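# Residue-level structure breakdown
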Amino acid sequence: MPVRVQTEDFDLSGEVARLRAAQGERAAQIGAIASFIGTVRDINDGSGVAAMTLEHYPGMTERALEAILTQARSRWDIYDALVIHRVGTLHPQDQIVLVVTLGAHRGEAFAACEFIMDYLKTQAPFWKKEQTPSGERWVDARGSDDAAAAKWGIAPQGGDGSSTQGDE
Amino acid sequence: MAIKLLFFAGLREAVGSAGESLALPAAVATVGELRAHLAARGGKWAEHFAATRNVRAALNQDMVASGAVIKDGDEVAFFPPVTGG
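In short, a report on the structure. As the structure is a computational prediction, the values presented were derived from the model and not from experiment.

Scanning chain B for helices and strands turns up 3 helices and 5 strands. For chain B, the N- to C-terminal ordering of α and β elements is β-α-β-α-α-β-β-β. For a compact globule of 85 residues, the expected C-alpha radius of gyration is about 12 Å, and chain B comes in at 12 Å, within 12% of that figure. Seen along its three principal axes, the alpha-carbon backbone of chain B occupies a region of about 35 × 30 × 20 Å. Within chain B, the fraction of its 85 residues that count as buried is 54%. When the accessible surface of chain B is summed, it comes to about 3,400 Å², and 57% of that surface belongs to carbon and sulfur atoms. Each charge sign in chain B was given a centre, from 8 positive and 8 negative side chains, and these centres are 6 Å apart.

Shown next, in the form of structure tokens:
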């Protein structure tokens, strides 16, 4: 279950080919490959975004992503999953994140892929800072991301909520 | 008891520090108590670690709630809600 945090861009076709090859003889049993790519928008919360910088918590990031993939594999019958998340400075239209899941059937692959993204949004320690015409600003967490995670039974960030006062 | 403290993103900028080594008084046993201990420094610390602020914590690189118990040598990180993806 590969997890990578990197400044470089990624190539969907190449990553899928590597994942399939890594299955060896079982590659012939793969019937479904689902993927998601997140990209940089040029507008957010009403402001133009010229660039963004992604900060993360080295060490914890990889641990969190591995935990997310382990959860996905325990919930759905998938053969493998991959997450690549970029850090550093990115510009509109750049790719930020790639999730790939593969298995025998599309239902499991789709669900696991969506679960991994929803989980990542609220549990993996990445932070975005945007450059807008009025200066730099840190992106605020969205309540809709907690709601998306909650549908999988994932608690909001911070566990019991006692350290999460002030959440919108 | 000595711990390693880390701060990230907007919180790192707000307190002007990426982290520090800190000797904890005996009264500080949990992540929540550590947060209050930092807020008691006053000024920008009081402002950004106030109970009303949206601050998350990780203990030894796992996201935890405020009741998590700290041990000698632990790594404790404080940061804003995450915004990756």
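Taken together, the 36 residues of chain A in the interface contact 30 residues of chain B. Between chain A and chain B, a total of about 2,600 Å² is buried, with carbon and sulfur atoms accounting for 49% of that surface. Here chain A and chain B share 3 salt bridges between them. When the shortest N-O distance is used, the salt bridge between Arg12 of chain B and Glu55 of chain A registers 2.4 Å. In this structure, the connection of chain A to chain B is made through 15 residue pairs in polar contact (both at pLDDT 80 or more). Taken together, the elements giving at least two residues each to the side of chain A that touches chain B come down to strand S5 (51-56), helix H2 (60-75), strand S8 (95-103), helix H3 (106-123) and strand S9 (126-132) of chain A. Partitioned by chemical class, the residues of the side of chain A that touches chain B number 14 nonpolar, 13 polar and 9 charged.

All names here are of chain A. Look at H3 against helix H4 (residues 143-150): their axes get within 9 Å of each other, and the N-to-C directions meet at 130°. As judged from the angle between their axes, H3 and H4 are oblique. The crossing of H3 and H4 is left-handed. Facing Asp118, Lys121 and Thr122 of H3, the residues of H4 in contact are Asp145, Asp146, Ala148 and Ala149. Looking at the contact of H3 with H4 residue by residue, the class counts come to 2 nonpolar, 1 polar and 4 charged.

Attention now goes to the nonpolar core. Leu65, Phe115 and Ile116 of chain A are the most contacted members of the largest nonpolar core, which has 33 residues in total. Where this core is concerned, the elements lending two or more residues are strand S2 (32-39), S5, H2, strand S6 (78-86), S8 and H3 of chain A. Among the elements that make up this core, the one with the highest residue count is H3 of chain A (9 residues). Beyond its immediate sequence surroundings of up to four residues, Leu65 of chain A is in contact with Val3, Val5, Val83, Leu120, Ala124 and Phe126 of chain A. Ile3, Val28, Phe49 and Ala68 of chain B belong to the second largest nonpolar core, which has 22 residues in total.

The rules we used
Throughout this document, residue positions are counted from 1 along each chain, in the order its sequence is written. Think of it this way: whatever chain is written first is A, whatever ligand is written first is 1, and the rest follow in order. Local features in this predicted model are restricted to residues of pLDDT 70 or higher, and side-chain atom pairs are both shown and tallied only at a pLDDT of 80 or more, whereas totals for entire chains, interfaces and linings draw on every residue. Neither water nor hydrogens contribute to the side-chain values; these are computed over all heavy atoms in the structure. Note on conventions: DSSP H or I runs of at least 4 residues are helices, E runs of at least 2 residues are strands, and numbering of each starts at the N terminus. Atoms considered for the radius of gyration are the C-alpha atoms alone. The globule rule reads 2.2 Å times the number of residues to the power 0.38. Exposed residues in this analysis have more than 50% of their type's maximum accessible area, buried residues have under 20%, and partly exposed residues fall in between, with area computed by a 1.4 Å probe over protein chains only. We get accessible surface area from the Shrake-Rupley algorithm with a probe of 1.4 Å; when it comes to residues, only the shown protein chains can shield them. Working convention for charge: Lys and Arg count positive, Asp and Glu count negative, and His plus the chain ends are omitted. Positions of charges follow a simple convention, taking NZ of Lys, CZ of Arg, CG of Asp or CD of Glu. Throughout, a contact is declared for two residues whenever any of their heavy atoms are within 4.5 Å. Buried surface area refers to the total accessible area, computed with a probe of radius 1.4 Å, that the two partners give up upon joining, counted for both partners together. We define a salt bridge as a contact between a side-chain nitrogen of Lys or Arg and a carboxyl oxygen of Asp or Glu at a distance within 4 Å. Polar contacts, as used here, are pairs of N or O atoms within 3.5 Å; protein pairs need one atom able to donate a hydrogen and one able to accept it. Residues neighboring in sequence count only if both atoms are side-chain atoms. The classification used treats Ala, Val, Leu, Ile, Met, Phe, Trp, Tyr, Cys and Pro as nonpolar, Asp, Glu, Lys and Arg as charged, and all other residues, Gly among them, as polar. Fitted lines through C-alpha atoms give the axes, limited to the stretch in contact for helices. The angle between two N-to-C directions lies from 0 to 180 degrees. Roughly parallel here means an angle under 35 degrees, roughly antiparallel means over 145, roughly perpendicular means 65 to 115, and every remaining angle is called oblique. A clockwise turn of the near helix away from the far one marks a right-handed crossing, whereas an anticlockwise turn of less than a right angle marks a left-handed crossing. What makes a nonpolar core is a set of buried Ala, Val, Leu, Ile, Met, Phe, Trp, Tyr and Cys residues whose side-chain atoms join them at distances within 4.5 Å.

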